[in-house]
Amino acid sequence: MGRGDLARDLQVLLAGICVGRYLRCFYVKDLYRVGRRGITGFNFLTLRIVMVSMIAYFCGEFVNSFVLAKMKLADDGKRMSWRFVVSTVFGEGVDSLLFYPIAFYDMWEQ
């Protein structure tokens, strides 16, 4: 890793921090108009998204590994790239199916 790679990584990191700060100020300003209840709801939503994200990620990774192992046994170790694609689709599918409904269940209109 050369100096150019490190400089580029630091630029990307700094850009991400700046965008995060901007969005945080934007949302916090709107929440202060709503009041204390709005801020508490925002913090609860953030905590819920973090927890559901971790749970969905681990479940998706488990499904990914399980499908990959079963396909390896079924194919006798052949078609490695196909196994990676199919297992990733299943793992990411489980991740998405768990994350979105649980994280945003009270925001979707019934």
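Sequence order as written defines residue numbering, which begins from 1 separately in each chain. Owing to the predicted nature of the model, reporting of local features is limited to residues with pLDDT of at least 70; listing and counting of side-chain atom pairs is limited to 80 or more, with chain, interface and lining totals taken over all residues. Excluded from the side-chain calculations are hydrogens and water; all other atoms, namely the structure's heavy atoms, are used.

(A) Quick look at the overall build of the protein. Secondary structure elements are defined from DSSP: runs of H or I of at least 4 residues count as helices, runs of E of at least 2 residues count as strands, and each element is numbered from the N terminus. Scanning the protein from N- to C-terminus turns up 3 helices and 0 strands. Reading the protein from its N end, one meets helices and strands in the order α-α-α. Here the term buried applies to any residue with accessible area under 20% of the maximum for its type, exposed to any over 50%, and partly exposed to those in between, with areas from a 1.4 Å probe on protein chains only. Put simply, the protein has 110 residues, and 17% of those count as buried.

(B) Local environment of a nonpolar patch on the surface. Together, Leu-47, Val-50, Met-51, Met-54, Tyr-57 and Phe-58 line one region of the surface with nonpolar side chains, adding up to about 600 Å² of accessible area. Among the secondary structure elements, Tyr-57 is positioned in helix H2 (residues 36-75). Overall, the relative accessible area of 44% leaves Tyr-57 in the partly exposed class. The residues that make up patches have over 30% relative accessible area and no salt bridge, and they are joined within 9 Å when like-charged or within 5 Å when they are Val, Leu, Ile, Met, Phe, Trp or Tyr. Methods summary: accessible areas were calculated by the Shrake-Rupley approach with a probe of 1.4 Å, and residue burial reflects only the protein chains presented. Salt bridge, as used here, is a side-chain nitrogen of Lys or Arg placed within 4 Å of a carboxyl oxygen of Asp or Glu.

(C) Highlighting helix H3 (residues 80-103). The span expected for a helix works out to 1.5 Å for each residue beyond the first. Between its first and last C-alpha, H3 extends 34 Å over 24 residues, near the 34 Å set by a 1.5 Å rise per residue. Of all the positions in H3, only Arg-83, Val-86, Ser-87, Gly-91, Asp-95, Phe-99 and Ala-103 are classed as buried.

(D) Expanded view of the side chain of Arg-48. On the secondary structure map, Arg-48 appears in helix H2. Separated by 2.9 Å, the side chain of Arg-48 and the backbone oxygen of Ala-103 make a polar contact. Setting aside its immediate chain neighbours within four residues, Arg-48 contacts Ile-102, Ala-103, Tyr-105 and Asp-106. Polar contacts, as used here, are pairs of N or O atoms within 3.5 Å; protein pairs need one atom able to donate a hydrogen and one able to accept it. Residues neighboring in sequence count only if both atoms are side-chain atoms. Working rule for contacts: check all heavy atoms of both residues, and any pair within 4.5 Å makes them a contact.

(E) Up close: the packing of aromatic side chains. Two rings belonging to Phe, Tyr or Trp (six-membered ring only in the last case) form a pair when the distance between their centres is within 6.5 Å. Interplanar angles under 30 degrees mark stacking, angles over 60 mark edge-to-face geometry, and anything in between is tilted. Enumeration according to the criterion identifies 3 aromatic pairs in this entry. Each ring, one from Tyr-57 and one from Phe-58, has its centre 5.4 Å from the other, and the planes form 65 degrees; the classification is edge-to-face. An angle of 25 degrees between the planes, with centres 6.2 Å apart, marks the rings of Phe-62 and Phe-66 as stacked. Here Phe-62 pairs with Phe-66, and both are found in helix H2, just 4 residues apart, close to one helical turn.

(F) Spotlight on the side chain of Arg-83. As for its position among the elements, Arg-83 is in helix H3. Look at Arg-83: it is buried, it has no salt bridge, and the nearest opposite charge is Asp-75 at 5.2 Å. His is not counted, nor are the chain ends, whereas Lys and Arg count as positive and Asp and Glu as negative.

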